[in-house]
Amino acid sequence: MNATEMQYRAFLAVVVAATLVALAPIAVSGIRGEALPAGLIDIADKSVVAFAGLLGAIGALLFRQNATDQARIETQSKALDTVRDAIAATPANRPLGTPDDPIATEEVR
């Protein structure tokens, strides 16, 4: 198992844990047939907020750019700059054309 798979599994584990903590008081009170006590709601709320912070941290680690991504971006940027320069460059011995003659008909050697 590579690091990316482990990161995704950790991310999903935190999502499942946050969901279970949020739904546990509702499930327990439903099974017992009682109303939710105010203290239980407060504890569940604080737990979900803590898990949300942890979830955000794991998500930030999971979806950040690494050195390989940065190198790929720089390489692609350089390649696109080269293509742009090649398109903009005009051969020295090629006629440029004028408004009267926009398409040159001379043979370039």
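*Asks:* What should I look at first to understand the pattern of salt bridges in this one?
*Replies:* Between side chains of opposite charge, a pair can form when the charged atoms approach closely. Applying the stated criterion to the full structure yields two salt bridges. As a salt-bridge pair, Glu34 and Arg32 come within 3.5 Å of each other at their nearest N and O atoms. With a shortest N-O distance of 2.7 Å, Arg84 and Asp81 are connected by a salt bridge. Within this pair, Arg84 and its partner Asp81 are both found in helix α3 (residues 67-88), separated by three residues, close to a single helical turn.

*Asks:* Can you help me understand the environment of Pro37 in this one?
*Replies:* Structurally, the position occupied by Pro37 is in the loop between α1 (3-32) and α2 (38-62). Separated by twelve residues in sequence, Pro37 and Pro25 have C-alpha atoms that sit 9.1 Å apart.

*Asks:* Could you clarify how one ought to interpret the confidence of the model for the chain in this entry?
*Replies:* Low pLDDT marks stretches whose predicted atomic positions should not be read closely. On average, residues of the chain score 75 in pLDDT, and 81% of them reach the 70 mark or higher. The least confident element of the chain is α2, whose mean pLDDT is 77; the most confident is α3, at 82.

*Asks:* Sorry if this is basic, but what is going on with the packing of α1 against α2 here?
*Replies:* Close contact between α1 and α2 brings their axes to 9 Å; oriented N to C, the two are set at 165°. Put simply, α1 runs roughly antiparallel to α2. In the packing of α1 onto α2, the handedness of the crossing is left-handed. Two secondary-structure elements touch here, α1 through Thr4, Gln7, Tyr8, Ala10, Phe11, Val14, Val15, Ala17, Ala18, Val21, Ala22 and Pro25 and α2 through Leu40, Ala44, Ser47, Val48, Phe51, Leu54, Leu55, Ile58, Gly59, Leu61 and Leu62. A per-class count over the contact of α1 with α2 returns 19 nonpolar, four polar and no charged.

*Asks:* Just to check I follow, could you spell out a nonpolar patch on the surface for this structure?
*Replies:* Residues Leu23, Ile26, Leu36, Leu40 and Ile41 make up a contiguous nonpolar surface patch of roughly 400 Å² in combined accessible area. Residue assignment for the nonpolar patch shows that the elements contributing at least two residues are α1 and α2. Examined against the element boundaries, Ile41 turns out to sit in helix α2.

Cut-offs used in this document
- Residues numbered from 1 in each chain as written.
- Predicted model: local features only at pLDDT ≥ 70, side-chain atom pairs only at ≥ 80, totals over all residues.
- Heavy atoms only, no water.
- Salt bridge = Lys/Arg side-chain N within 4 Å of Asp/Glu carboxyl O.
- Helix = DSSP H or I, 4+ residues; strand = E, 2+ residues; numbered from the N terminus.
- pLDDT = per-residue confidence, 0-100.
- Axes fitted to C-alpha atoms, helices over the stretch in contact; angles between N-to-C directions.
- Parallel < 35°, antiparallel > 145°, perpendicular 65-115°, else oblique.
- Left-handed = near helix turned anticlockwise from the far one by under 90°.
- Contact = heavy atoms within 4.5 Å.
- Nonpolar A, V, L, I, M, F, W, Y, C, P; charged D, E, K, R; others polar.
- Patch = residues over 30% accessible without salt bridge, like charges linked within 9 Å, V, L, I, M, F, W, Y side chains within 5 Å.
- Areas by Shrake-Rupley, 256 points an atom, 1.4 Å probe, with all protein chains shown as cover.

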